[in-house]
Amino acid sequence: MSRRPIIAGNWKMNMTRAQAEELITALKPLVKDAKAEVAICVPYTDIDVAVRLCAGSNIKVGAENVAWAEKGAFTGEISADMLLELGTEYVIIGHSERRQYFGETDASVNARLKTALAKGLKPIVCVGETLEERETDKTADVIKKQITGAFDGISADDAAKVVVAYEPVWAIGTGRTATSAQAQETIAGIRAEIAALYGAAIADGMRIQYGGSMNAKNVKELMAQPDIDGGLIGGASLKAADFSLVVNYDA
Ligand code: PGA
């Protein structure tokens, strides 16, 4: 089964609208011939700018979160309909920074995922262990709990639409990357978990990204691993030249 790699930027809380415009304008010509699918997940306030500038290009636009509720009294949240109206295609769900700083749990990740799928947004669901969990040999258990929690009650048809991102918390924004062997091992474990839940066909078709200090230097080796189908890129997505080198890793 051949899976088309997806390289997605995660801008986090960076880029004003003016900065977004500058970055995307520089990025478009640099990635136009990419073989991988290309996406940028941007702050809510940049979405309309990004959609306008990426129209007609090969860059897809995503959000960094979505509310589980359809609408109502949820101060500070943004609904799927609001995102879709702007032309948003992808959405990151359950990023470790959401889990760490904003109380996101496997249950809230699951609720957001259900809403995203019901509304037709394409989810990128993040899982990953902390340093302490890795050092105490809990990685496999933690990932299993996060995957089964995220996919609880989700049909096979819907699961097939999900991209998973494996992001070891200790590698995010730290300059410390998982070795390609560590990333491959954990991602193969995620695929096995998906196979246990949904069968081999869904597992073989699912795209699973690596994220955590992925950059122009390490992308080739990571992407050479059989189970790694792309990257979720934070720091290295904030400059057009840096991000284009990651996107064009196989050029
Ligand atoms: P990083 O972030 O590339 O800056 O480590 C990745 C992420 O958090 O998605």
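Residues numbered from 1 in each chain as written. Predicted model: local features only at pLDDT ≥ 70, side-chain atom pairs only at ≥ 80, totals over all residues. Heavy atoms only, no water.

In this structure, the largest pocket spans a volume of roughly 460 Å³. If you tally residues by element for the lining of the largest pocket, the top one is helix α4 (residues 96-101), at three residues. The class makeup of the residues in the lining of the largest pocket is seven nonpolar, four polar and five charged. (1 Å grid on protein atoms, 1.4 Å probe; cavity = no way out; pocket = protein on both sides within 12 Å on 5 of 7 lines; lining within 4 Å. Points joined across faces, edges and corners; volume = space filled by probe spheres on them. Helix = DSSP H or I, 4+ residues; strand = E, 2+ residues; numbered from the N terminus. Nonpolar A, V, L, I, M, F, W, Y, C, P; charged D, E, K, R; others polar.)

Once that is clear, we can look at the pattern of salt bridges. As a working rule, side chains carrying opposite charge can pair if their charged atoms are close by. Scanning all chains against the criterion turns up 20 salt bridges. The shortest N-O distance in the salt bridge between R112 and E77 comes to 2.8 Å. You can see R112 sitting in helix α5 (residues 106-119) and its partner E77 sitting in the loop between β3 (59-63) and α3 (80-86), a full 35 residues away along the chain. When its relative accessible area of 5% is taken as the criterion, R112 is described as buried. Among the ionic pairs, E104 bridges to R112, the shortest N-O distance being 2.6 Å. A single burial state applies to E104 and to R112, both of which are buried. When salt bridges with common partners are traced through the structure, they connect E37, K60, E89, K122 and R207 into a single cluster. (Salt bridge = Lys/Arg side-chain N within 4 Å of Asp/Glu carboxyl O. Buried < 20%, exposed > 50% of the residue type's maximum accessible area, 1.4 Å probe, protein only.)

Time to look at the packing of helix α1 (residues 17-31) against helix α12 (residues 240-247). Two numbers describe how α1 lies on α12: the axes approach to 9 Å, and their chain directions differ by 30°. With respect to α12, the element α1 is oriented roughly parallel. Classified by chirality, the crossing of α12 by α1 is right-handed. Mapping the contact onto sequence places L23, A26, L27, L30 and V31 in α1 and A240, A241, F243, S244 and V247 in α12. Of the residues assigned to the contact of α1 with α12, the class counts are nine nonpolar, one polar and no charged. (Axes fitted to C-alpha atoms, helices over the stretch in contact; angles between N-to-C directions. Parallel < 35°, antiparallel > 145°, perpendicular 65-115°, else oblique. Left-handed = near helix turned anticlockwise from the far one by under 90°. Contact = heavy atoms within 4.5 Å.)

Moving on: the sheet that holds strand β1 (residues 6-10). Strand order in the closed barrel formed by eight strands is β1-β2-β3-β4-β5-β6-β7-β8, with parallel pairing between adjacent strands. If you compare each strand with its neighbour and ignore which way they point, the axes differ by 25° on average. With four bridges connecting them, β1 and strand β8 (residues 230-233) associate as parallel partners. By the bridge assignment, G9 is partnered in β8 with I233. Contacts between helix α9 (residues 180-198) and the sheet are confined to β5 (122-127), β6 (163-166) and β7 (208-211), with β7 contributing the most and set at about 145° to the helix. (Pairing = 2+ DSSP bridges.)

Looking now at the site of the ligand. As a structural note, the neighbourhood of the ligand is formed by 13 residues, with K12, H95, E167, G173 and S213 the closest of them. At a separation of 2.7 Å, an oxygen atom of the ligand approaches a polar side-chain atom of H95. A distance of 2.8 Å separates an oxygen atom of the ligand from a polar backbone atom of G235. Considered on its own, the ligand offers 280 Å² of accessible surface; in the complex 96% of this is hidden by protein. A breakdown of the residues in the shell around the ligand according to their chemical character gives four nonpolar, seven polar and two charged. (Near = heavy atom within 4 Å. Polar contact = N/O pair within 3.5 Å; in protein donor to acceptor, adjacent residues only side chain to side chain. Areas by Shrake-Rupley, 256 points an atom, 1.4 Å probe, with all protein chains shown as cover.)

Looking now at empty space enclosed by the protein. What the rule picks out here adds up to one cavity of 30 Å³ or more. Contributing elements (two or more residues each) for the lining of the largest cavity: α4 and β5. In terms of residue class, the lining of the largest cavity is made up of two nonpolar, five polar and two charged.

This brings us to the packing of aromatic side chains. Summed over all chains, the structure comprises three aromatic pairs. When the centroid spacing of 5.9 Å and the interplanar angle of 70° are considered together, the rings of F151 and Y198 count as edge-to-face. Here the residue F151 occupies a position in the loop between α7 (139-150) and α8 (156-159), and Y198 occupies one in helix α9, the gap between them amounting to 47 residues. For the pair formed by F151 and Y198, the shared burial category is buried. (Phe/Tyr/Trp six-rings, centres within 6.5 Å; stacked < 30°, edge-to-face > 60°.)

Within β5, five of the six residues are buried, which leaves it mostly tucked inside the rest of the structure. Relative to β6, β5 runs parallel, the two being bridged by four bridges. By the bridge assignment for β6, V127 is matched with Y166.

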